[in-house]
Amino acid sequence: MDPHRIDVHHHILPPDYVAAVGDERIGPLILAGRTPEWTPGMSVEAMDRNGIATAVTSISAPGLWFGDDAQSVRLARMCNEYAAAIRRDHPGRFGVFASLPLPDIDASLAEIEYALDTLGADGIGLLTSYGDRYPGDPAFAPVFDELDRRGAVVYFHPTDAPCSQCLPEIPAATLDFPFDTTRAVVSLLFSGTFARCRGIRFIFSHAGGTVPFLAERIARLGARPGFRDAVPDGVVAELERLHYDTALSANRLAFASLLALVTPDKVLFGSDYPFAPEATMTATVQGLIELGLEDAVLRGIERDNALALFPRIAAG
């Protein structure tokens, strides 16, 4: 295939990260039930077969924090340096969403500086929650204020929050992930983070979870004092400013709701590889084609919308 697509939802599994976190934490979250086999070379080969020119890499759930701040600091630095190294070793093929050792605020601010200024990361990758804390938590405000000051791209990937464990026999990726994405968006809405941090370009995975379907229902909260103050332009207007990727969502049901909420320039190609196998990557490519979008709209989703967010990739 013509290698033109830019994949903003593409994960890496550094060997030291897998060894530290363990299959018992990674495997149960996904449909396969085990940690995917992965190398940078496997990513490049899958990208070549599916017309993907560049993939912006990130660490997926379960993330880096398991109650030990020092461990998460070490893992964040290791993962970020690994991501920068594979970008260097495969020129033009990879970008970097750097990880942060949240909920440690001071360490996260230090890692933002290192990742963006020293490693030249293309943005920051966060999880939708950290234990029982969501991104709108007031303690996280200094992190978002710094990312806002820098005009950063901030990509969110869902995880399995403690409040999600109602059907433990169902992999978290099936139900818990879309709902945790929705909770993160609502947290950022009604904490006032979206309204305050206009410089951040936010990207949410999997077409925003259930956000497009529930947008008008969420917007009802804007009628209540306290909630209303956090969204002076209105809930839907804030949701319309966000970006959403296509991972596991390139189908008519998801897109009907997503494109009723946002214009196509807010939609970005995402594969979820390797946590979703290459067959899913291929299905995403084909699914977008089968939606019958205008050529310019499809080209925007597959490439041009991402180029507007990532100047280093656009220049390269």
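Structure: see above.
Reading guide: rules and limits
Residues numbered from 1 in each chain as written. Predicted model: local features only at pLDDT ≥ 70, side-chain atom pairs only at ≥ 80, totals over all residues. Heavy atoms only, no water. Helix = DSSP H or I, 4+ residues; strand = E, 2+ residues; numbered from the N terminus. Rg over C-alpha atoms; globule rule 2.2 N^0.38 Å. Buried < 20%, exposed > 50% of the residue type's maximum accessible area, 1.4 Å probe, protein only. Contact = heavy atoms within 4.5 Å. Areas by Shrake-Rupley, 256 points an atom, 1.4 Å probe, with all protein chains shown as cover. Lys, Arg positive; Asp, Glu negative; His and termini not counted. Charge placed at Lys NZ, Arg CZ, Asp CG, Glu CD. Phe/Tyr/Trp six-rings, centres within 6.5 Å; stacked < 30°, edge-to-face > 60°. Polar contact = N/O pair within 3.5 Å; in protein donor to acceptor, adjacent residues only side chain to side chain. Salt bridge = Lys/Arg side-chain N within 4 Å of Asp/Glu carboxyl O. Axes fitted to C-alpha atoms, helices over the stretch in contact; angles between N-to-C directions. Parallel < 35°, antiparallel > 145°, perpendicular 65-115°, else oblique. Left-handed = near helix turned anticlockwise from the far one by under 90°. Nonpolar A, V, L, I, M, F, W, Y, C, P; charged D, E, K, R; others polar. Pairing = 2+ DSSP bridges. Expected span 1.5 Å × (residues − 1). Patch = residues over 30% accessible without salt bridge, like charges linked within 9 Å, V, L, I, M, F, W, Y side chains within 5 Å.

Trainee: Hey, could you run me through the overall build of the chain in this one?
Mentor: Helix and strand content of the chain: 15 helices and 8 strands. Expected size for 316 residues packed as a compact globule is a radius of gyration near 20 Å; at 18 Å, the chain falls within 12% of this value. On the principal axes, the C-alpha backbone points of the chain span a range of 55 × 50 × 45 Å. A total of 316 residues make up the chain; the buried ones form 55% of that total. Sequence-distant contacts in the chain: of pairs separated by 6 or more residues, those separated by 24 or more amount to 79%. Of the roughly 12900 Å² of accessible surface on the chain, a fraction of 54% belongs to carbon and sulfur atoms. Of the charged side chains in the chain, 26 are positive and 41 negative, and the gap between their average positions amounts to 4 Å.

Trainee: Teacher, can you tell me more about the packing of aromatic side chains here?
Mentor: Geometrically, a pair of aromatic rings is defined through the distance of the ring centres and the angle of the planes. Overall, the coordinates contain 12 aromatic pairs when judged by the stated rule. Here F97 and Y155 contribute two aromatic rings whose centre-to-centre distance is 5.0 Å and whose plane-to-plane angle is 5 degrees, an arrangement assigned as stacked. Within this pair, whereas F97 is found in strand β3 (residues 94–99), its partner Y155 is found in strand β5 (residues 153–157), the two being separated by 58 residues in sequence. Residue Y155 is classed as buried on the basis of its relative accessible area of 1%. Look at F202 and F204: their rings are 6.3 Å apart centre to centre, the planes differ by 15 degrees, and that puts the pair in the stacked class. Both residues of the pair, F202 and F204, belong to the buried class.

Trainee: Could you clarify how one ought to interpret the side chain of E111 in this entry?
Mentor: With respect to the secondary-structure elements, E111 resides in helix α5 (residues 105–118). Reaching out from E111, the side chain makes a polar contact with the side chain of R77 at a distance of 2.9 Å. A distance of 2.9 Å separates a polar atom in the side chain of E111 from a polar atom in the side chain of N80. Filtering out sequence-adjacent residues up to four positions away, E111 remains in contact with A76, R77, N80, S99, L100 and P101.

Trainee: How do you make sense of the side chain of R93 when you look at a structure like this?
Mentor: Considering the arrangement of structural elements, one finds R93 in the loop between α4 (69–89) and β3. Here the side chain of R93 touches I52 through a polar contact of 2.9 Å, landing on its backbone oxygen. Among residues more than four places away in sequence, those in contact with R93 are V44, M47, D48, I52, A53, T54 and A55.

Trainee: Explanation requested: the pattern of salt bridges in the structure shown.
Mentor: Oppositely charged side chains can form a pair if their charged atoms are brought close together. Tallied over the entire structure, the rule returns 17 salt bridges. For D137, the salt bridge identified is with R133, shortest N-O distance 3.4 Å. Look at R133 and you get partly exposed, because its relative accessible area is 27%. A single salt-bridge network, built from bridges that share partners, covers D117, E146, R149 and R150.

Trainee: Looking at this structure, how should I read the packing of helix α7 (residues 176–190) against helix α9 (residues 211–219)?
Mentor: Each pair of packed helices gets described by two things: the angle between the helix axes and the distance between those axes. Where α7 meets α9, the closest approach of the two axes is 11 Å, and the angle between their N-to-C directions is 40 degrees. With respect to α9, the axis of α7 lies oblique. Considering the relative orientation of α7 and α9, their crossing is right-handed. Residues T182, V185, V186, L189 and F190 of α7 pack against V211, L214 and I218 of α9. Among the residues forming the contact of α7 with α9, the class breakdown is 7 nonpolar, 1 polar and no charged.

Trainee: Help me understand the pairing of strand β6 (residues 201–204) in this model?
Mentor: Remember that side chains alternate between the two faces of the sheet whenever the strand is regular. In this structure, β5 lies alongside β6, joined through 4 bridges in parallel fashion. Looking at the pairing, V154 lines up with F202 of β6.

Trainee: For this particular structure, what's the right way to read helix α13 (residues 278–290)?
Mentor: For an α-helix, the turn length of 3.6 residues means that residues three or four places apart are oriented alike. Spanning 13 residues, α13 covers 18 Å between terminal C-alpha atoms, matching the ideal 18 Å at 1.5 Å per step. One or two steps after α13, the chain reaches G292, where phi turns positive at roughly 75 degrees.

Trainee: What is the right way to look at the sheet that holds strand β7 (residues 243–245) in this model?
Mentor: Sheet strands line up and pair through hydrogen bonds in the backbone, either parallel or antiparallel. Read across the sheet, 8 strands follow the order β1-β2-β3-β4-β5-β6-β7-β8 without closing on themselves; strand pairing throughout is parallel. Where the open sheet ends on each side, the last strands, each with one partner, are β1 (5–11) and β8 (267–268). Across 4 bridges, the pairing between strand β4 (residues 123–127) and β5 is parallel. Pairing of I124 across the sheet is with V154, part of β5.

Trainee: Is there a simple way to think about a nonpolar patch on the surface in this case?
Mentor: On the surface, L167, I170, L175 and F179 cluster together to form a nonpolar patch covering roughly 320 Å² of accessible area. Relative to the helices and strands, L167 is located in the loop between β5 and α7. According to the relative accessible area criterion, L167 is partly exposed, its value standing at 44%.

Trainee: In this structure, what is going on with the packing of α5 against helix α6 (residues 141–149)? I would like to understand it.
Mentor: Remark: α5 packs on α6, axes separated minimally by 9 Å, with the N-to-C direction vectors making an angle of 15 degrees. Taken as axis vectors, α5 and α6 run roughly parallel relative to one another. The hand of the α5/α6 crossing is right-handed. Side by side, α5 and α6 meet where I105, S108, L109 and I112 of the first sit next to P142, V143, E146 and L147 of the second. Its residues placed into classes, the contact of α5 with α6 shows 6 nonpolar, 1 polar and 1 charged.

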